[in-house]
Amino acid sequence: MDKLWLDHFNFRFDPFEHGEASRDPNLNRYLIGHEAFSVAWSETPAMIYSPPGGGKTALRIYTARACWTGGGGYQPFPIHYHLPHYFKNGDFSTVEDHLEQIVHSGAHALFLAFAYYPLIFIRSAPSLQKQLAQFIFTWIPKIDFYLDVLREGKPDEVAGQLDGSYKLYQTPDPTLLALLLEILAKYHREDPLPVSLSIQKIFERMVHWITGDLGFRAVYLLLDGVDGFPELASSPGFAAQSLAQLFAKAPKWTASHIFVKGFLPQEIRAHLREQLEDRWTAFDQIDLKWDAAILADMLRRRTYVATEGEFASLSAVSALPSGQDLELELARAVNPLPREALTLVRQVLFEYETRWSRNPAAAKQIQSEDIDNAFTWYRNDQAHITKELTSIAQG
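In this text the structure is predicted, and so the values were computed from the model without any measurement.

## Points about the layout of surface pockets
Reported here for the largest pocket is a volume of approximately 410 Å³. Lining the largest pocket are 28 residues, with Gly 19, Glu 20, Ala 21, Thr 57 and Arg 339 positioned closest to its centre. Going through the elements one at a time, α4 (56–66), α16 (292–306) and α18 (338–358) are the ones with two or more residues in the lining of the largest pocket. When its residues are assigned to classes, the lining of the largest pocket shows 12 nonpolar, nine polar and seven charged.

Rendered as structure tokens:
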């Protein structure tokens, strides 16, 4: 299908396309308010729980992009720690295992921060520029390739290669970017500094650069992807054991303005509590729960953004009776999770296109039969997970 409905209904893009939030370039434009954001944004260690498809990744990325409101400055500095991106499997258990990968991600974060906002680097003292450049060159393999990509003036392409979570979907000032690349090239021609510090000391130095020298008020370490490993998803106890030493550091790290934010599957909660014991109370905790009204608002917001405000409901392009709330009907029909609501909307639009393609003379409107066919498809094709998802989502 060619998504004829985009043209039929005058959508500028498909706001329902991405089941995986990290791939959605417009996520920050239509993530609706959720009480869990206040927990993700507060300067405390936090654990935010939801089942797969429940919005963990969306909230993680939204939190990171909120840090760049106003172009950085006295904001938290986000470091994404999306576990499947940094480990091939769930084999990690020591603090050192985690710190090494966090430092890798921190190098990605700094490099891309400078790419999007070159003045952060350019305004630094030459001695600090040299340290930051050498750090980036040491901890980002194939840095020459990424520098070549950046010379094309598109940081989003570099972020897509390194870790798509860092995409900000914007372009820096070309003159400033050219100056950044010139300074980096100067330091790149020098011999690299030998790495003689422990990984703990390297981590501490990186944090000091961010919160001390560069002026960010905190580091937000955004951990996600626990349920991206089959061995962890199927064994919450093993997953908790693999993360316990990292989370055990979180209360102490607050003194250094490092705040760990775990976006976690619900099944891990009891096991982590057992592992962390008295440190458990240091974490703010919340469940990402959705009801039909919130899911309906999410769908309306996506429609409003994608039509640039022409309308905020698919009811406007349907033949449904006036006053019938299509989004609420769809939200009530699914398991109470964002990914499920998006799946059903996509099916409604697929049913519309399938029917219209058989009769192009028909009105370009969603009909009741399109909705009914989508409901039937959802009940039949999703039946094998309905009971499990509903149980998880409702706690």
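Still more ground to cover, so stick around.
## Re empty space enclosed by the protein
Using the criterion set out here, one finds one cavity of 30 Å³ or more in the structure. Approximately 100 Å³ is the volume found for the largest cavity. What lines the largest cavity is Ala 64, Arg 65, Trp 68, Pro 78, His 80, Ala 109, Leu 112, Ala 113, Tyr 116, Ser 165, Tyr 166 and Leu 168. Listed by contribution, the elements that provide at least two residues to the lining of the largest cavity are α4, β2 (76–82) and α6 (95–116). No other element matches α6, which puts four residues into the lining of the largest cavity. Broken down by class, the residue content of the lining of the largest cavity amounts to nine nonpolar, two polar and one charged.

## Side note on unusual backbone geometry
One non-glycine residue with positive phi stands out, namely Asn 10, at about 65°. Along the chain, Asn 10 turns up in the loop between α1 (4–8) and α2 (27–30). If you check the backbone angles, Glu 308 has positive phi at about 55° while not being a glycine. Mapped onto the elements, Glu 308 comes out in the loop between α16 and α17 (326–333). Classification of Glu 308 as exposed rests on a relative accessible area of 57%.

## Some words on the side chain of Arg 302
Looking at where Arg 302 falls in the secondary structure, it is placed in helix α16. Ignoring any residue separated from it by four or fewer positions in sequence, one finds Arg 302 in contact with Pro 15, Phe 16, Asp 24, Leu 27, Tyr 30 and Leu 342.

## Observations regarding the packing of aromatic side chains
Here the structure, examined in full by the defined rule, presents 18 aromatic pairs. Geometrically, the ring pair formed by Trp 5 and Phe 11 is edge-to-face, given 5.1 Å between the ring centres and 75° between the ring planes. Trp 5 gets classed as buried once you look at its relative accessible area, which sits at 4%. On the numbers, 5.3 Å between centres and 70° between planes, the contact of Phe 37 with Tyr 62 is edge-to-face. Here Phe 37 is found in helix α3 (residues 36–41), whereas its partner Tyr 62 is found in helix α4, with 25 residues between them in sequence. Residue Tyr 62 is classed as partly exposed on the basis of its relative accessible area, which comes to 24%.

## Thoughts on the sheet that holds strand β4 (residues 258–264)
Strand order in the open sheet formed by five strands is β2-β3-β4-β1-β5, with parallel pairing between adjacent strands. The sheet is open, and its two edges are formed by β2 and β5 (284–287), each paired on a single side. Each strand axis lies, on average, 15° off the axis of its neighbour in the sheet, ignoring direction. Where strand β1 (residues 46–49) and β5 come together, four bridges link them in parallel fashion. Pairing of Ile 48 across the sheet is with Ile 286, part of β5. Sheet contacts for helix α12 (residues 199–213): β2, β3 (218–224) and β4; angle to β3, the most-contacted strand, approximately 125°. Relative to β4, helix α14 (residues 236–253) is tilted by about 140°, and along the sheet it contacts β1, β2, β3 and β4.

What counts and what doesn't
- Residues numbered from 1 in each chain as written.
- Predicted model: local features only at pLDDT ≥ 70, side-chain atom pairs only at ≥ 80, totals over all residues.
- Heavy atoms only, no water.
- 1 Å grid on protein atoms, 1.4 Å probe; cavity = no way out; pocket = protein on both sides within 12 Å on 5 of 7 lines; lining within 4 Å.
- Points joined across faces, edges and corners; volume = space filled by probe spheres on them.
- Helix = DSSP H or I, 4+ residues; strand = E, 2+ residues; numbered from the N terminus.
- Nonpolar A, V, L, I, M, F, W, Y, C, P; charged D, E, K, R; others polar.
- Buried < 20%, exposed > 50% of the residue type's maximum accessible area, 1.4 Å probe, protein only.
- Contact = heavy atoms within 4.5 Å.
- Phe/Tyr/Trp six-rings, centres within 6.5 Å; stacked < 30°, edge-to-face > 60°.
- Pairing = 2+ DSSP bridges.
- Axes fitted to C-alpha atoms, helices over the stretch in contact; angles between N-to-C directions.

In short, the description is geometric, and any link to function would need to be established separately.
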